[in-house]
There are 2 protein chains.
Amino acid sequence: MTETNYSMLCDFYELTMSNGYFKNGFYKKTVYFDLFFRKVPDNGGFAIAAGLEQVIDYIKNLHFSETDIEYLREKGIFDEEFLKYLSNFKFTGDIYAIPEGTPIFPNEPIITVKAPAIEAQLIETFLLLTINHQTLIATKANRIVRAAQGRTVLEFGSRRAQGATGAVDGARAAYIGGCAGTACTLTDALYGVPAGGTMAHSWIQMFDNEYTAFRTYCELYPENPTLLVDTYNTLKSGVPNAIRVFKEVLVPKGINKFAIRLDSGDISYLSKKARKMLDEAGLENCKIVASNSLDEYLIRDLMMQGAQVDVFGVGERLITSSSSPVFGGVYKLVAVEEPTSGEIIPKIKVSENTTKITNPHFKKLYRYYDNESGKALADELCVYDEVIDFSKPHTIFDQNATWKAKTLTDFTAKELLVPIFKDGECVYESPKIEDIAKYCKDQIGLLWDEVKRFENPHNYYVDLSKKLWDIKNILLNIYQS
Amino acid sequence: MTETNYSMLCDFYELTMSNGYFKNGFYKKTVYFDLFFRKVPDNGGFAIAAGLEQVIDYIKNLHFSETDIEYLREKGIFDEEFLKYLSNFKFTGDIYAIPEGTPIFPNEPIITVKAPAIEAQLIETFLLLTINHQTLIATKANRIVRAAQGRTVLEFGSRRAQGATGAVDGARAAYIGGCAGTACTLTDALYGVPAGGTMAHSWIQMFDNEYTAFRTYCELYPENPTLLVDTYNTLKSGVPNAIRVFKEVLVPKGINKFAIRLDSGDISYLSKKARKMLDEAGLENCKIVASNSLDEYLIRDLMMQGAQVDVFGVGERLITSSSSPVFGGVYKLVAVEEPTSGEIIPKIKVSENTTKITNPHFKKLYRYYDNESGKALADELCVYDEVIDFSKPHTIFDQNATWKAKTLTDFTAKELLVPIFKDGECVYESPKIEDIAKYCKDQIGLLWDEVKRFENPHNYYVDLSKKLWDIKNILLNIYQS
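Nothing here was measured: the structure is a model prediction, and the numbers come from that model.

About the cut-offs
- Residues numbered from 1 in each chain as written.
- Chains lettered and ligands numbered in written order.
- Predicted model: local features only at pLDDT ≥ 70, side-chain atom pairs only at ≥ 80, totals over all residues.
- Heavy atoms only, no water.
- Helix = DSSP H or I, 4+ residues; strand = E, 2+ residues; numbered from the N terminus.
- Buried < 20%, exposed > 50% of the residue type's maximum accessible area, 1.4 Å probe, protein only.
- Contact = heavy atoms within 4.5 Å.
- Least-squares fit on C-alpha atoms with pLDDT ≥ 70 in both.
- Buried area = accessible area lost by both parts, 1.4 Å probe.
- Salt bridge = Lys/Arg side-chain N within 4 Å of Asp/Glu carboxyl O.
- Nonpolar A, V, L, I, M, F, W, Y, C, P; charged D, E, K, R; others polar.
- Pairing = 2+ DSSP bridges.
- Axes fitted to C-alpha atoms, helices over the stretch in contact; angles between N-to-C directions.
- Polar contact = N/O pair within 3.5 Å; in protein donor to acceptor, adjacent residues only side chain to side chain.
- UniProt positions renumbered as here; feature names shortened; annotations may be inferred.
- Arc of directions from axis to C-beta.
- Parallel < 35°, antiparallel > 145°, perpendicular 65-115°, else oblique.
- Left-handed = near helix turned anticlockwise from the far one by under 90°.
- Phe/Tyr/Trp six-rings, centres within 6.5 Å; stacked < 30°, edge-to-face > 60°.

**Details of unusual backbone geometry**
All names here are of chain A.
Then comes step 1: Although it is not a glycine, Asn 224 sits at a positive phi angle of roughly 55 degrees.
Then comes step 2: Counting through the fold element by element, Asn 224 comes out in the loop between helix 10 (210-220) and strand 8 (226-228).
Then comes step 3: A relative accessible area of 40% places Asn 224 in the partly exposed class.

Shown next, in the form of structure tokens:
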């Protein structure tokens, strides 16, 4: 539809640093950055990776226009040679990433970038904001979908999103996380996420009365219409008028797919009353859609109370992940290549806050599945060149309590980080959006229920290999002294 | 830089309703919609209007491309005549709005749209999401700026924003709300919000040691560099190295503008210790920048504890308004014109929840200022054609407690809704961004301190004129019976 060049969507310091790397020759250095997060939103047990397709589009389109260069020149702090370099800028590095829809855990790289210093630095902000945003919404959507226990969940939140991308890409992420569709037309047009919707209160207000508004709508759209029944009085006016119109207009034509939507009041009470009225009128097939400031907590309660809701339309609390609206992904230098020898030197960022200490080095990430149950057992971070013989029993250990070891025997290892760019060329084809959503659903089926609990979930293990653990400790000891 | 066509960023029901209005002739009806909100985020006393400039750009660019039409045709539910109508679509109506930077209150129209039914309906989602998003961030930024009591506040949150627009337009809104600048380069390039920034931890990690990293930076950017001092150990390594470099590289050149940045640990403790070390080294001019999950509450506490911070860099909690991440603007039909007589018929949306009942009719909005103190006294909503003689004393009353009346004598009335579009033509020129920010600051200076309190602020009055109040009650009585 439209292609926006977001090359200038970077933090200004990425440009000042890059200019510095250019002048002192560091720009020839190959560096390794990991994008990872430290804490699951809503204190959940896992997140859902999303946003990679938009990162790929961004990397492919990376360039600085003459207008961009002129803007930078006017700042008066950038070297002309650097600006010339930028005007011919393209990404030439390698990118590895965990595919969209994969359950992910704290401290594992979602993306690893290997590139000359300036290239790796300039893409920091866009990568972070895109992965942070979509992963946040996919994760929230998945919580809501799980709360709905198989009932359909639709994304309705565009109008309360934090900006246009928040709405459009947010609806994409929500679909990856398990929503069946969206109200956002542009998300359908751009990404193929099914969009749907019927009427606002204004439709009903435009007519002389609710009955005429409903009747006109069903005559126009006899295929699966949803009538909004709360404009005047849900149980006294809305539901009776809907029943009358369904029976007058649709039932005689043999149509029995239609629905009502409750958008205010107590959903538990109103849905049960409405269900009874519909059933008594012989409209057992009529579905009930509910939408009113819903999230996973309210849906869980509604389900416990036996609310008669077939479809949940979820708005602002999904599209902003309002109870936990920040996904705290970070982008940290983990290694630098010696220009002459090509040796990869691991780097660490220490911190007084131990949870902020990074896992150094260029790494691989394995997920181990139990062959008997099929369930995911643990993830393990290894140094990039480690070779593990997975035909033999494999012992993993907790990095925070090294005496807690576990030997895996009948298991399958899967490498999670896959090549996305190689020497600047994209070597990955994003799956279709419905395949990403299906993959996500399947992968979540491989997590133990204990990891999926909303409150106080089981801590899934992300371990370090012995080799990586040793390297990390050596580096920590250097900075301690 | 780039122009994105967001015409398809609408809720799908806006298209199904529009197709219906087209088929039944309603599309010729002129309708009036108000965009307003019901509750100030963070339980504050007021919000700051923002986002109008992006709404104007959107309205000017409104059109459906052949690709859009083809997408809609494939849905199989839209009339060919309607699709032909859409392919020639442009906005032909009137829009009134409160200028950006104005303090606004619940239940007053921020935007009023007068247009043929389809035009008014199709722009609903984009108007809502743009005003909701930017107003949310401008409001949050203003709270943070007020907490900082005159210290500089910078917006640093792009990487944690909810999508690209969240970052770029969010930084624009933050500037309107009082931030002095942003880290987001694109916001500067597009909107002229000053962008700045110096280095990330990765800069320091790239060098053999912190001293060399600092020294290289100051040699490269001697004009007002900010050195990040927490990569290894703030007080033992970062601050001493910064002092050494400032004294070796900058002071001999007569440069005395430079700063250090604290990005982790306890800001109160570290800033006082660092201040002492800097002062003892004779660097009283060195500023201290702090950035670490800050918001208005933490900044207020830091100020109370005497933290020695000159500049606050605020990230995720500002750019997502994380403690209150939803601005609940709604878009409601308030009147319909009789096609033949041209009479404007007021419309109301009732609800069991009394706070959700709308103020009907096409309205004007006045703000009354006390001539003696200059302060804003109250706002009053009037019917569009009411004529009030402001040279005489004017009595306003509380709509929820009609016996609470107040007669204004020495006052000035200002109409807040100004014409933006007239018959589809833009008749408004957006002020420069720095003028919007200045206007905002001035207008907030005209609010009583009681309205500006973070907790439990005074409820600023938004009253209805007697004429409007009567019309509302007549309509309510019709729907009650």
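**Side note on the side chain of His 201 of chain A**
Then comes step 1: With respect to the helices and strands, the residue His 201 of chain A is situated in helix 9 (residues 201-206).
Then comes step 2: A residue is classified by how much of its surface remains accessible, and His 201 of chain A, at 8% relative accessible area, is buried.
Then comes step 3: If near-sequence neighbours (up to four positions away) are discounted, His 201 of chain A is found in contact with Leu 228, Asp 230, Thr 231 and Asp 263 of chain A together with Lys 332 and Lys 349 of chain B.

**Quick look at the relation of the copies chain A and chain B**
Then comes step 1: With an RMSD of 0.0 Å, the fit of chain A onto chain B corresponds to turning through 180 degrees and sliding 0.0 Å along the axis. The two molecules are tied by a two-fold rotation axis, judged by turn and shift. Among all C-alpha atoms of chain A, that of Thr 165 of chain A lies closest to the rotation axis, at 2.8 Å.
Then comes step 2: In this assembly, 100% of the residues forming the interface of chain A have copies in chain B that are likewise at the interface, indicating an isologous arrangement.

**Regarding the interface of chain A and chain B**
Then comes step 1: Listed by partner, the interface residues are 97 residues for chain A and 97 residues for chain B.
Then comes step 2: Note on chain A versus chain B: buried area summed over both sides is about 8,100 Å², and carbon and sulfur give 59% of it.
Then comes step 3: Ranking the residues of chain A by area buried against chain B places Arg 159, Gln 162 and Met 206 of chain A at the top, with a combined share of 12%.
Then comes step 4: Our enumeration of links across chain A and chain B arrives at 8 salt bridges.
Then comes step 5: Residue Glu 124 of chain A is joined to Arg 159 of chain B by a salt bridge in which the shortest nitrogen-to-oxygen separation is 2.8 Å.
Then comes step 6: Top contributing element to the side of chain A that touches chain B by residue count: helix 1 (residues 12-24) of chain A, with 11 residues.
Then comes step 7: Per-class residue counts for the side of chain A that touches chain B are 48 nonpolar, 31 polar and 18 charged.

**A look at the environment of Val 330 of chain A**
Then comes step 1: Relative to the helices and strands, Val 330 of chain A is located in strand 12 (residues 330-337).
Then comes step 2: If sequence neighbours within four positions are ignored, Val 330 of chain A has contacts with Asp 34, Leu 35, Phe 36, Arg 38 and Leu 128 of chain A together with Arg 160 of chain B.

**Quick word on the sheet that holds strand 11 (residues 311-314) of chain A**
By definition, the strands of a sheet pair up through backbone hydrogen bonds, in either a parallel or an antiparallel sense.
Residues and elements named next belong to chain A.
Then comes step 1: Taken together, 6 strands build an open sheet; the order of strands is 7-6-11-10-9-8 and the sheet is parallel. Strands at the two margins of the open sheet, each flanked by one partner only, are strand 7 (181-182) and strand 8.
Then comes step 2: Two elements, strand 6 (residues 152-155) and strand 7, share 2 bridges in a ladder whose sense is parallel. By the bridge assignment, Glu 155 is partnered in strand 7 with Thr 182.
Then comes step 3: Lying over the sheet, helix 11 (residues 234-250) contacts strand 8 and strand 9 (259-262), oriented at roughly 165 degrees with respect to strand 9.

**Side note on the pattern of salt bridges**
Then comes step 1: Scanning all chains against the criterion turns up 68 salt bridges over all chains.
Then comes step 2: Note that Lys 140 of chain A and Asp 42 of chain A form a salt bridge whose closest N and O atoms lie 2.9 Å from each other. Of the two residues, Lys 140 of chain A sits in helix 6 (residues 124-147) while Asp 42 of chain A sits in the loop between strand 1 (30-36) and strand 2 (47-48), which places them 98 residues apart along the sequence.
Then comes step 3: Using a relative accessible area of 1% as the deciding quantity, one classes Lys 140 of chain A as buried.
Then comes step 4: Of the residues examined, Asp 42 of chain A reaches a relative accessible area of 10% and is grouped as buried.
Then comes step 5: Residue Lys 140 of chain A is joined to Glu 296 of chain A by a salt bridge in which the shortest nitrogen-to-oxygen separation is 3.0 Å. In this pair, Lys 140 of chain A is assigned in helix 6 and Glu 296 of chain A in helix 13 (residues 296-304), connecting sequence segments 156 residues apart. With respect to burial, Lys 140 of chain A and Glu 296 of chain A carry one shared label: buried.
Then comes step 6: Ionic contacts of the salt-bridge type, sharing partners, join the residues Asp 11, Glu 14 and Glu 124 of chain A together with Arg 159 of chain B into one network.

**Quick notes on the environment of Arg 367 of chain B**
Residue and element names in this part refer to chain B.
Then comes step 1: Here Arg 367 lies in strand 14 (residues 363-370).
Then comes step 2: The class for Arg 367 is buried, based on a relative accessible area of 1%.
Then comes step 3: At a separation of 2.8 Å, a polar atom in the side chain of Arg 367 contacts the main-chain carbonyl oxygen of Pro 103.

**Quick word on the UniProt feature "domain: Nicotinate phosphoribosyltransferase C-terminal" (unreviewed entry) in chain A**
Then comes step 1: Feature annotation in UniProt assigns "domain: Nicotinate phosphoribosyltransferase C-terminal" (unreviewed entry) to the following positions: residues 363-472 of chain A.
Then comes step 2: Helix and strand shares over residues 363-472 of chain A are 22% and 40% respectively, and the end C-alpha atoms of the span are 12 Å apart.

**What to know about helix 4 (residues 80-87) of chain B**
Structural remark: α-helix, 3.6 residues per turn; residues separated by three or four positions point the same way.
Residues and elements named next belong to chain B.
Then comes step 1: Buried within helix 4 are the following residues: Phe 82, Leu 83, Tyr 85 and Leu 86. Along helix 4, the residues classed as buried sweep out an arc of 155 degrees about the axis, all on the same side.
Then comes step 2: As for helix 4, its buried residues are in contact with helix 1 (12-24), helix 3 (66-73) and helix 5 (117-122).
Then comes step 3: At the N-terminal end of helix 4, a side-chain oxygen is found 2.9 Å from the backbone nitrogen of Glu 81, two or three residues along, and the residue is Asp 79.

**Quick look at the pairing of strand 12 (residues 330-337) of chain B**
Residues and elements named next belong to chain B.
Then comes step 1: Counting buried residues in strand 12 gives 8 out of 8 residues, a clear majority hidden from the surface.
Then comes step 2: In this sheet, strand 12 lies alongside strand 1 (residues 30-36) in antiparallel orientation, the contact comprising 6 bridges. Bridge assignment links Tyr 32 to a residue of strand 12, and that residue is Ala 335.
Then comes step 3: When strand 12 meets strand 13 (residues 344-346), the two strands line up antiparallel, connected through 3 bridges. Bridge pairing in strand 13 links Val 336 to Ile 345.
Then comes step 4: Hairpin connection of strand 12 to strand 13: 6 residues between the antiparallel strands, including Gly 342 at a positive phi of 75 degrees.

**Some remarks on the packing of helix 6 of chain A against helix 7 (residues 164-176) of chain A**
Residue and element names in this part refer to chain A.
Then comes step 1: It is the contact of helix 6 with helix 7, at a shortest axis distance of 8 Å, that shows an interaxial angle of 50 degrees. The angle between the axes of helix 6 and helix 7 places the two elements in the oblique class. Relative to helix 7, the crossing made by helix 6 is right-handed. Counting all contacts with helix 6, which are made through His 133, Gln 134, Ile 137, Ala 138 and Ala 141, the residues of helix 7 involved are Thr 165, Gly 166, Asp 169, Gly 170, Arg 172, Ala 173 and Ala 174.
Then comes step 2: Within the contact of helix 6 with helix 7, the residues separate by chemical class into 5 nonpolar, 5 polar and 2 charged.

**Digging into the sheet that holds strand 15 (residues 376-383) of chain B**
Residues and elements named next belong to chain B.
Then comes step 1: Reading across from one edge, 18-14-15-21 is the order of the 4 strands in this open sheet, with mixed pairing throughout. Unpaired on one side and paired on the other, strand 18 (411-415) and strand 21 (462-464) mark the two borders of the sheet. For this sheet, the mean inter-axis angle between neighbouring strands, taken without regard to orientation, is 30 degrees.
Then comes step 2: Pairing of strand 14 with strand 15, which is carried by 7 bridges, proceeds in the antiparallel orientation. Its bridge partner being in strand 15, Leu 365 is matched across the sheet by Leu 381.

**Re the packing of helix 2 (residues 52-61) of chain B against helix 6 (residues 124-147) of chain B**
All names here are of chain B.
Then comes step 1: Put simply, helix 2 and helix 6 touch, their axes get as near as 9 Å, and they point 160 degrees apart. With respect to their mutual orientation, helix 2 and helix 6 come out roughly antiparallel. Once helix 2 is placed against helix 6, the crossing between them reads as right-handed. In this structure, helix 2 uses Leu 52, Gln 54, Val 55, Tyr 58 and Ile 59 to contact helix 6, whose residues at the interface are Phe 126, Leu 127, Thr 130, Ile 131 and Gln 134.

**Re the UniProt feature "domain: Nicotinate phosphoribosyltransferase N-terminal" (unreviewed entry) in chain A**
Then comes step 1: What UniProt calls "domain: Nicotinate phosphoribosyltransferase N-terminal" (unreviewed entry) maps, in this numbering, to residues 8-132 of chain A.
Then comes step 2: From the first C-alpha to the last, residues 8-132 of chain A spans 18 Å; its make-up is 44% helix and 17% strand.

**A word on the side chain of Ser 7 of chain A**
Residue and element names in this part refer to chain A.
Then comes step 1: Within the element layout of this structure, Ser 7 appears in the segment before helix 1.
Then comes step 2: By relative accessible area, which is 1% here, Ser 7 ends up buried.
Then comes step 3: A distance of 2.9 Å separates a polar atom in the side chain of Ser 7 from the backbone oxygen of His 63.
Then comes step 4: When neighbours within four sequence positions are excluded, Ser 7 is seen to be in contact with Tyr 58, Asn 61, Leu 62, His 63 and Phe 64.

**A short note on the packing of aromatic side chains**
For any pair of aromatic rings, the description rests on two quantities: the centre-to-centre distance and the angle between the ring planes.
Then comes step 1: Enumeration over the complete set of coordinates arrives at 64 aromatic pairs over all chains.
Then comes step 2: Between Phe 37 of chain A and Phe 327 of chain A the ring centres are 4.7 Å apart and the planes differ by 40 degrees, which places this aromatic pair in the tilted class. With a gap of 290 residues between them, Phe 37 of chain A in the loop between strand 1 and strand 2 and Phe 327 of chain A in the loop between helix 14 (316-319) and strand 12 connect regions that are remote in the sequence.
Then comes step 3: Residue Phe 37 of chain A is classed as buried on the basis of its relative accessible area, which comes to 0%.
Then comes step 4: In this structure Phe 327 of chain A comes out as buried when scored by relative accessible area, which is 2%.
Then comes step 5: Judged by centre distance (5.1 Å) and plane angle (20 degrees), the ring pair of Trp 203 of chain A and Tyr 21 of chain B falls under stacked. Within this pair, whereas Trp 203 of chain A is found in helix 9, its partner Tyr 21 of chain B is found in helix 1, the two belonging to separate chains.
Then comes step 6: Owing to a relative accessible area of 0%, Trp 203 of chain A belongs among the buried residues under this scheme.
Then comes step 7: Overall, Tyr 21 of chain B belongs to the buried group, its relative accessible area being 1%.

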